[in-house]
Amino acid sequence: MLDLAAAAPADYAASMPISLATQQRRQARVLVFGYGNPGRQDDGLGPAAAAGIEALGWPDVTAMDNYQLSIEDAVDIAAHDVVWFVDAARVGAAPFSVTRLTPAATYEFTSHLIRPEAILALADRCYGRTPKAFLLAIRGYEFAFIEAITPQAEQNLKSALGALSILIRTAQMEVVS
Amino acid sequence: MSDVQVSQGSRKIVIDPVTRVEGHGKVTIRLNDAGEVEQARFHIVEFRGFERFIQGRMYWEVPVIVQRLCGICPVSHHLCAAKAMDIVAGVDQVTPTADKMRRLMHYGQVLQSNALNFFHLASPDLLLGFEAPVAQRNIFGVIEAFPEVGKWAILIRKFGQEVIAATGGRRIHPRLCIPGGVNQNLSVEHRDALRRDIGQIIDWCGQALELHKSFVHAHEELHATFASFPSSYMSLVGADRRMELYDGGLRAINAEGDTIFEDVRPADYRDYMIEEVRSWSYMKFPHIRSLGREEGWYRVGPLAQINCCAFIDTPLAEAARRDFMAIGHGGRVHATLGYHWARIITMIHCAEVIQGLLFDDDLQGTNLLVTGQRRPEGVAIIEAPRGTLLHHYTVDDDGQVTGANLIVSTTNNNEAMNRSVTKVAKDYLSGREITEGLLNHIEVAIRAYDPCLSCATHALGDMPLIVTLEDAQGGIVATRVKE
């Protein structure tokens with residue numbers, strides 16, 4: 001039978017509050033969610049970052065990618081303690097910038113745009129879970145129909161991945177109950 | 001939330017947004033000398049560059065490459081390209097297992113995409129009301145008022161994704177199709193898992209329909225007239241004009257429901273349609289050749305799918321279709337908000353088709369691929385979630401793509417979207433100010449069509465919707481940007 005908790009990954013059930021007696025301290029579960037289109041040059045920075053983190057093979061660190069965010073991503077968001085959204089930025093600081101995110105209700109005119117804050121709000125509303133969340137915006141430069149990240153953005157990606165891996169390790173040191 | 005800046009000297013209102021869509025929507029409303037709305041135009045960035053991106057690729061790569069086109073419906077492009085490349089591979093009929101695997105994937109895709117549109121995009125307007133405060137008029141406000149809706153939204157979406165993963169090997173970038181067939185059949189484990197849930201999905205779709213109908217019955221006048229006008233419609237239909245989303249003949253009807261053409265094979269589309277370029281838009285304006293530029297425009301998508309078919313061959317969806325068509329009082333339904341009702345009927349149909357397929361042993365067949373004599377050209381059409389999608393390719397003797405022409409649903413709806421926005425501007429513009437209310441109503445009209453913006457390039461730093469009001473001389477009176 002379909003239900004919201006059952007739709008979540010297996011370890012989500014273990015994260016549900018049960019009783020203090022059965023709680024166990026554990027390492028924070030981290031999700032890196034890179035989104036964008038690898039077929040459009042630097043828009044692929046998000047998925048490339050997710051691939052870079054996945055290659056590390058770290059325990060309790062999950063990497064996902066997609067073209068864009070969608071409402072069912074709330075299921076995966078809710079199953080983690082820390083979430084890093086990784087996106088390409090057409091403007092702003094190079095090589096990257098980090099923004100702390102909080103849940104926020106938003107409403108768009110197209111289903112082709114769903115913001116990370118809205119997914120966080122859905123996770124909160126439907127699952128009662130609000131993981132720590134950040135947006136890692138990696139500066140990109142070219143967004144044409146070419147399946148390759150530009151060399152300049154590639155450098156930004158390298159810097160961002162270095163920082164992200166340190167931040168993930170730091171987050172995991174903060175054990176959660 | 002909008003951040004408004006007012007420039008006193010020029011009477012220009014500018015709202016600075018920071019968003020993450022590459023192709024933004026832009027609405028321009030032109031006034032006449034009397035200060036009345038003369039016309040409104042909805043511009044969006046299109047992906048002509050993509051057609052060049054495909055050129056030079058090997059034909060068998062294309063069903064995978066085209067998934068780069070759209071973050072919302074990569075599966076639709078995957079399937080349409082595969083059908084076109086079947087023709088190029090010299091295959092006119094794939095095996096029953098291949099055909100049904102593709103159908104299962106397609107109906108799963110349409111189900112989950114329509115669910116996203118209805119629950120996330122449409123339900124706040126419809127269930128909370130156009131005039132509800134912006135801070136509340138969103139999916140969270142809907143969940144507050146109708147707690148079950150959030151569950152339906154997420155789990156119907158998730159079920160559709162599971163259908164795609166079961167057929168395509170993975171949820172993202174599925175690789176089911178190859179020219180002439182498919183890579184895999186449906187495992188018994190996947191089949192049984194999907195069988196367990198499909199009954200619940202059908203039930204939830206039915207409940208969503210009832211919830212939506214409660215809105216319509218409470219707002220019959222608004223539903224009938226908002227952004228609405230009589231129009232022609234175009235859609236695939238199957239034998240006997242049954243609803244058919246994956247394969248069939250192209251049918252177009254006029255506003256009275258009379259047939260303009262039907263049984264049109266994809267390969268013959270240029271005998272019936274013309275794609276016109278206009279200087280002010282990146283998007284082409286396709287129209288029906290026999291009716292000409294002024295009269296030949298039409299609408300596609302769920303409303304067209306329902307209006308063009310004579311019946312639906314699944315019982316719950318057919319009952320819902322009859323109920324829906326009754327509001328047309330014997331004619332076609334022209335209500336633009338009817339797109340949403342039609343979208344739920346299509347969801348029910350998709351769920352019923354999926355249920356039928358899950359009990360069809362052909363899905364466990366092992367005859368997956370047919371080969372044939374290579375051909376230089378292939379054209380295919382499917383009904384994507386937003387409507388008719390056409391892929392046309394030419395391929396050289398070495399198997400390299402030399403030409404590609406894609407007509408996507410949003411392009412087919414180009415003129416109709418302009419007319420809906422014009423209707424809203426005429427009905428709701430008061431004075432020379434773009435109010436929050438006008439902006440909201442324009443958005444409601446656009447949401448009915450749910451246009452595809454630049455297909456899948458999303459990067460921080462761009463603007464999603466800009467509305468500009470111009471005087472009769474083209475001078476800017478006001479601009480407002482929806483963040």
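Residues numbered from 1 in each chain as written. Chains lettered and ligands numbered in written order. Predicted model: local features only at pLDDT ≥ 70, side-chain atom pairs only at ≥ 80, totals over all residues.

With that settled, consider the overall build of chain A. What chain A contains, in helices and strands, is six helices and five strands. For chain A, the succession of helices and strands along the chain, N to C, is α-α-β-α-β-α-β-β-α-β-α. Out of the 177 residues belonging to chain A, those deemed buried represent 52%. Summarising the internal contacts of chain A: among those between residues at least 6 apart in sequence, 74% fall at separations of at least 24. (Helix = DSSP H or I, 4+ residues; strand = E, 2+ residues; numbered from the N terminus. Buried ≥ 20, exposed ≤ 12 C-beta atoms within 10 Å, placed from the backbone. Contact = placed C-beta atoms within 7 Å.)

What follows concerns the sheet that holds strand 12 (residues 298–299) of chain B. Residue and element names in this part refer to chain B. In space, the four strands of this open sheet follow the order 9-8-7-12, with mixed pairing throughout. In this open sheet, the two edge strands, each paired with only one partner strand, are strand 9 (259–264) and strand 12. Inspection of the sheet shows strand 7 (residues 232–237) paired to strand 12 by two bridges, in the parallel sense. Bridged to Ser-232 within strand 12 is Tyr-298. (Pairing = 2+ DSSP bridges.)

With that settled, consider unusual backbone geometry. All names here are of chain A. Omega for the peptide link from Ala-94 to Pro-95 comes to 0 degrees, which places this bond in the cis form. Along the chain, the position of Pro-95 falls in the loop between strand 3 (82–89) and strand 4 (96–101). The backbone phi angle of Gln-41 is positive, close to 45 degrees, even though this residue is not glycine. You can see Gln-41 is positioned in the loop between strand 1 (30–35) and helix 3 (45–56). Positioned with a positive phi, Asp-60 is a non-glycine residue whose angle comes to about 65 degrees. Tracing the sequence through the fold places Asp-60 in the loop between helix 3 and strand 2 (61–66).

This paragraph deals with helix 16 (residues 436–449) of chain B. Note: α-helices contain 3.6 residues per turn, so residues at a spacing of three or four share the same orientation. Residues and elements named next belong to chain B. For helix 16, built from 14 residues, the straight-helix expectation of 20 Å at 1.5 Å per residue is met to within 8% by its first-to-last C-alpha distance of 21 Å. By the burial criterion, the buried members of helix 16 are Leu-438, Leu-439, Asn-440, His-441, Ile-442, Glu-443, Val-444, Ala-445, Ile-446, Arg-447, Ala-448 and Tyr-449. Directly after helix 16, the chain includes Asp-450, whose backbone phi takes a positive value near 45 degrees. (Expected span 1.5 Å × (residues − 1).)

On to the nonpolar core. Judged by nonpolar contacts, the single largest core of 200 residues is most densely connected at Val32(A), Ala49(A), Ala74(A), Ile138(A), Cys205(B) and Ile354(B). With 14 residues, helix 4 (residues 96–128) of chain B is the largest single contributor of residues to this core. Apart from the residues lying within four places of it in its own chain, the contact partners of Ala74(A) are Ile119(A), Leu122(A), Ala123(A), Cys126(A), Tyr127(A) and Ile154(B). (Core = buried A, V, L, I, M, F, W, Y, C linked by C-beta atoms within 7 Å.)

Backbone-to-backbone hydrogen bonds join strands into a sheet, with any given pair of strands oriented parallel or antiparallel. Residues and elements named next belong to chain A. Pairing is mixed across the open sheet formed by five strands, whose spatial order is 2-1-3-5-4. Edge positions in the open sheet fall to strand 2 and strand 4, since each of these has one partner strand only. Along the sheet, successive strands turn relative to each other by an average axial angle of 20 degrees, direction set aside. Along the sheet, helix 3 makes contact with strand 1, strand 2, strand 3 and strand 5 (132–139), crossing strand 1 at roughly 145 degrees. In the packing of helix 6 (residues 151–173) onto the sheet, contacts are made with strand 1, strand 2, strand 3, strand 4 and strand 5, and the angle to strand 5 comes to roughly 165 degrees. (Axes fitted to C-alpha atoms, helices over the stretch in contact; angles between N-to-C directions.)

Here we come to the confidence of the model for chain B. When pLDDT is averaged along chain B, the result is 87; 90% of the residues meet or exceed 70. The ipTM assigned to the predicted complex is 0.73, against a pTM of 0.87. (pLDDT = per-residue confidence, 0-100.)

This part is about the domain arrangement of chain B. Residues and elements named next belong to chain B. Domain boundaries assigned for chain B yield domain 1 (4–48 + 413–482) and domain 2 (96–220 + 337–365). Opposite the seven residues of domain 1 that make contact, domain 2 presents eight residues. Of the residues that constitute the side of domain 1 that touches domain 2, the class distribution is three nonpolar, two polar and two charged. (Domains from an automatic or database assignment. Nonpolar A, V, L, I, M, F, W, Y, C, P; charged D, E, K, R; others polar.)

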